[in-house]
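Understanding the architecture of this molecule
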Amino acid sequence: MTVPHVYSLSGKRVWVAGHRGMVGSAIVDRLRSEDCEILTAGRDEVDLRRQAEVEAWMAKTRPHAVFVAAARVGGIMANNTRPAEFIYDNLAIEANIVDASWRNGVEKLLFLGSSCIYPRLAPQPMTEDVLLTGPLEPTNQWYAVAKIAGIKLCQAYRRQYGCDFILAMPTNLYGYRDNYDLTSSHVAPAMIAKVHAAKLAGAPSVEVWGSGAPKREFLFAADAADAMVFLMRHYSGEEHVNVGTGTEVTIRELAETVCRVIGYQGRLAFDSSKPDGAPRKLLDVGRLADMGWVAQTGLEEGLRLAYDWYLAHETPR
Ligand code: GFB
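Conventions we followed
Residues numbered from 1 in each chain as written. Predicted model: local features only at pLDDT ≥ 70, side-chain atom pairs only at ≥ 80, totals over all residues. Heavy atoms only, no water. Phe/Tyr/Trp six-rings, centres within 6.5 Å; stacked < 30°, edge-to-face > 60°. Helix = DSSP H or I, 4+ residues; strand = E, 2+ residues; numbered from the N terminus. Buried < 20%, exposed > 50% of the residue type's maximum accessible area, 1.4 Å probe, protein only. Near = heavy atom within 4 Å. Polar contact = N/O pair within 3.5 Å; in protein donor to acceptor, adjacent residues only side chain to side chain. Areas by Shrake-Rupley, 256 points an atom, 1.4 Å probe, with all protein chains shown as cover. Salt bridge = Lys/Arg side-chain N within 4 Å of Asp/Glu carboxyl O. Axes fitted to C-alpha atoms, helices over the stretch in contact; angles between N-to-C directions. Left-handed = near helix turned anticlockwise from the far one by under 90°. Contact = heavy atoms within 4.5 Å. Nonpolar A, V, L, I, M, F, W, Y, C, P; charged D, E, K, R; others polar. Parallel < 35°, antiparallel > 145°, perpendicular 65-115°, else oblique. Pairing = 2+ DSSP bridges.

Description of the packing of aromatic side chains
Here the distance between the centres and the angle between the planes together describe a pair of aromatic rings. Across all of its chains, the model carries 10 aromatic pairs by this definition. Ring geometry for tryptophan 15 and tryptophan 57: centres 4.6 Å apart, planes at 45°, overall tilted. Taken together, the positions of tryptophan 15 in strand E1 (residues 13-17) and tryptophan 57 in helix H2 (residues 51-61) put the pair 42 residues apart, joining distant regions of the chain. Residue classification places tryptophan 15 among the buried residues on the basis of a relative accessible area of 1%. A relative accessible area of 6% places tryptophan 57 in the buried class. Centre to centre, the rings of tyrosine 180 and tyrosine 310 are 4.5 Å apart; their planes meet at 45°, and the pair counts as tilted. With tyrosine 180 in the loop between strand E6 (172-174) and helix H6 (187-201) and tyrosine 310 in helix H10 (residues 299-313), the pair connects residues that are 130 residues apart, well separated along the chain. Following the ring pairs from residue to residue traces out a cluster consisting of Tyr180, Tyr307, Trp309 and Tyr310.

This is the structure in structure tokens:
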């Protein structure tokens, strides 16, 4: 399939906002094979929640293109217990970067949202147009509202100022440089850390939050980064685009897969005092597939790669 080229990164200064996070760092890795200059702003240099700092940094560095991978992110527990941080930080970060990008003549910007923008009980798989058709999942409504505002922000700047700002909505991600802190992590890194610890301790069981019945779609972060660069080059439009694999597993199946990868034979102990969150969150990835992009890394393979990274970087052995 020949995919039309709409934007060339060649010779461009490209700012990856959020380069220390899992997705941002994967985008930096992916951009290393492109002929572009990668810009990153250290946390000590720019607090993205402060408008004046973002404006000064952008005016100084003048990027041609921007990936907005900076965000306050976390798993179900962090979202549910720190609502103010999840709504305020995300609104501030996206408003500051989008506005400063327009003011500084950024040619192209890609904003990363999340599959939790969609209604809790949306028909599955979720097409892009189910946005704002029903109530949100309560555990992460604060984050979701901020990300929906980010979508509308980019669309408004496109309509009023003609900015080529585009929107990607990735599913649940996992990969290298994930967050393994059990109070704020997502489920995939949490299961890696917990199963590893249970294996080392010779524990008879490992704790899994909730019922194990919710279904989730997991995309390897390096694949997500590849999709972001693909969209940056080949897509220009107001509509947001789902980014995922199009396949889902139950949390029980995810936990079993992690046990297999790590070689742990104990039991799964489900803790029903913890929330399940949304029952299903499967993206319809037809729009992206029609453009010519599909995910490459299967779940078990990706979990093996993530576990190898965890062993090399995170564990007391
Ligand atoms: O990954 P997770 O926190 O994200 O949880 P969400 C997914 C499912 O795994 C939930 C269960 O049903 C959890 O109850 N789970 C089982 C666990 N054991 C664990 C564990 O040890 N840790 C965690 N974290 N979960 C988040 C949103 O929702 O997904 C964010 O809150 C964002 O805003 C992100 O959208 C992608 O898929 O439920």
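We are not done yet, so read on.
A few points about the site of the ligand
Taken together, 22 residues form the shell around the ligand, and within it Ile76, Lys194, Arg216, Pro275 and Asp276 come nearest. In this structure, an oxygen atom belonging to the ligand sits 2.7 Å away from a side-chain N or O atom of lysine 194. Note that an oxygen atom of the ligand is positioned 2.7 Å from one of the side-chain N or O atoms of arginine 216. Across the complex, the protein chains shield 97% of the 700 Å² of accessible surface that the ligand would expose by itself. Contributing elements (two or more residues each) for the shell around the ligand: helix H3 (76-81), H6 and strand E7 (205-209).

What about the pattern of salt bridges?
Across all of its chains, the model carries 21 salt bridges by this definition. In this structure, arginine 158 engages aspartate 164 in a salt bridge whose closest nitrogen and oxygen atoms are separated by 2.7 Å.

Section: the packing of H2 against helix H4 (residues 83-103)
Orientation of H2 relative to H4, taken along the N-to-C sense of each, is 35°, at an axis distance of 9 Å. Like other packed secondary-structure pairs, H2 and H4 cross with a definite hand, here right-handed. Listed contacts from H4 to Gln51, Val54, Glu55 and Met58 of H2 are Asn96, Ile97, Asp99, Ala100, Ser101 and Arg103. Among the residues making up the contact of H2 with H4, the classes are represented as four nonpolar, three polar and three charged.

Digging into the packing of H4 against helix H5 (residues 141-161)
For the pair H4 and H5, the least separation of the axes is 8 Å and the interaxial angle reads 15°. Viewed along their axes, H4 and H5 adopt a mutual orientation that is roughly parallel. Relative to H5, H4 is oriented so that their crossing is right-handed. Counted together, Pro83, Phe86, Ile87, Asn90, Leu91, Glu94, Ala95, Val98, Asp99 and Trp102 of H4 and Trp142, Tyr143, Val145, Ala146, Lys147, Ala149, Gly150, Leu153, Cys154, Tyr157 and Tyr161 of H5 form the full contact between these two elements. Class assignment for the residues of the contact of H4 with H5 results in 16 nonpolar, two polar and three charged.

Examining the sheet that holds strand E4 (residues 108-112)
The six strands lie next to each other as E2-E1-E3-E4-E5-E10, forming an open sheet whose pairing is parallel. Strand pairing shows two members of the sheet lacking a second neighbour, strand E2 (37-39) and strand E10 (241-243), which therefore form its edges. Within this sheet the neighbouring strands show an average axis-to-axis angle of 20°, counted without direction. Relative to strand E5 (residues 165-170), H5 is tilted by about 155°, and along the sheet it contacts E4 and E5. Helix-sheet contacts for helix H7 (residues 221-234) involve strand E3 (65-68), E4, E5 and E10, and the interaxial angle to E4 is about 145°.

Examining the environment of valine 3
Secondary-structure assignment places valine 3 in the segment before E1. Owing to a relative accessible area of 22%, valine 3 belongs among the partly exposed residues under this scheme. C-alpha of valine 3 to C-alpha of proline 125: the two residues are 122 residues apart in sequence and 25 Å apart in space. Beyond its immediate chain neighbours, meaning those up to four positions away, valine 3 contacts Phe230, His234 and Met291.

By themselves, these figures tell us nothing about what the structure is for.
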